[in-house]
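Residues per chain, in single letters:
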Amino acid sequence: FDLGWQTQSTASSGDWELVDPVQSTFDGMVSTPGNDISTDLGNQAYVTGNGGNGGSNDVDNGVVILRSPSMDLTQYNEPVLSYYTYFFNDGGNGGAPDDELVVKVTNGFETITLETINTSVEEWNDQSEFNIFGLINITDDMNIIFEASDLEGSGHIVESAVDAFLVTEGNPDTVS
């Protein structure tokens, strides 16, 4: 569902889109997934530059940012953030692919990096899960941020996707 996620970009192409993913390939490798995570509701995911051949609508020359709506996580004892990512980085005119997908969380005052993904695969990554209690102060203005980048200007193919984002209780109170 689109619950108010925001996008911004300094890149020349490859902006985040909420879509039914269309598979694309580059040199015979799957660069964009052809479907969303099957265990979530619906058939949409956030994808960078959906469709076309690998390289025709990928992230180029900058950063594309996907930011969640503000979340009040003060109602959780131990909020756990979970999501699936897809990241592809290959090709280019010079040197090994060196781009990345960085996942951050902010509480309105500080921002921390949860993970940096720079290994290219041709499938959805395993589910990422972070109990953020103790990593950052929990506030009523939390956001998760996904930043896919192609910064070196060497023409790398950079594609990314995010799906099945969820906040759950990591350690619920005991009910008597």
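Here the structure is a predicted model, which means the values were calculated and not measured. (Residues numbered from 1 in each chain as written. Predicted model: local features only at pLDDT ≥ 70, side-chain atom pairs only at ≥ 80, totals over all residues. Heavy atoms only, no water.)

Caption draft 1: Structural view of the overall build of the chain. Secondary structure summary: the chain contains zero helices and 12 strands in total. For the chain, the α and β elements follow one another from N to C terminus as β-β-β-β-β-β-β-β-β-β-β-β. Against the compact-globule benchmark of 16 Å for 176 residues, the chain has a radius of gyration of 17 Å, which places it among compact chains. Dimensions of the chain along its principal axes, counting C-alpha atoms only, are 60 × 30 × 25 Å. In the chain, which comprises 176 residues, the share counted as buried stands at 48%. Surface summary for the chain: the accessible area is close to 8,600 Å², and the carbon and sulfur share equals 43%. (Helix = DSSP H or I, 4+ residues; strand = E, 2+ residues; numbered from the N terminus. Rg over C-alpha atoms; globule rule 2.2 N^0.38 Å. Buried < 20%, exposed > 50% of the residue type's maximum accessible area, 1.4 Å probe, protein only. Areas by Shrake-Rupley, 256 points an atom, 1.4 Å probe, with all protein chains shown as cover.)

Caption draft 2: Looking closely at the pattern of salt bridges. For the coordinates displayed, the defined rule picks out one salt bridge. Close ionic contact of E147 with K104 constitutes a salt bridge, the shortest N to O distance being 3.3 Å. Here K104 lies in strand β8 (residues 100-106) and E147 lies in strand β11 (residues 143-150), a separation of 43 residues in the sequence. (Salt bridge = Lys/Arg side-chain N within 4 Å of Asp/Glu carboxyl O.)

Caption draft 3: Structural view of the sheet that holds strand β10 (residues 128-131). The strand order across the open sheet formed by five strands is β2-β5-β12-β7-β10, and the pairing between neighbours is antiparallel. If you trace the sheet from one side to the other, it starts and ends with β2 (16-19) and β10, each paired once. Averaged over all pairs of adjacent strands, the angle between strand axes in this sheet comes to 25 degrees, irrespective of strand direction. Relative to strand β12 (residues 157-169), strand β7 (residues 79-90) is paired through 11 bridges, and the arrangement is antiparallel. Note that in β12 the partner of D90 across the bridge is I157. (Pairing = 2+ DSSP bridges. Axes fitted to C-alpha atoms, helices over the stretch in contact; angles between N-to-C directions.)

Caption draft 4: Local environment of the pairing of strand β6 (residues 62-67). Among the six residues of β6, five are classified as buried, and the element is accordingly described as predominantly covered. Of the strand pairs in this sheet, β6 and β11 are connected by six bridges, and their pairing is antiparallel. Among the inter-strand pairings, L66 is bridged to a residue of β11, identified as F146.

Caption draft 5: View of the pairing of β10. Here β10 shows a clear split, with S128 and F130 buried on one side and none of E129 and N131 buried on the other. Bridging between β7 and β10 involves four bridges; their strand directions are antiparallel. Bridge assignment links Y83 to a residue of β10, and that residue is S128.

Caption draft 6: A look at unusual backbone geometry. In this model, N61 sits at a positive phi of 55 degrees, which is unusual for a non-glycine residue. Within the fold, N61 resides in the loop between β5 (45-48) and β6. Even without glycine at this site, A164 takes up a positive phi of about 55 degrees. Within the secondary structure, A164 sits in strand β12.

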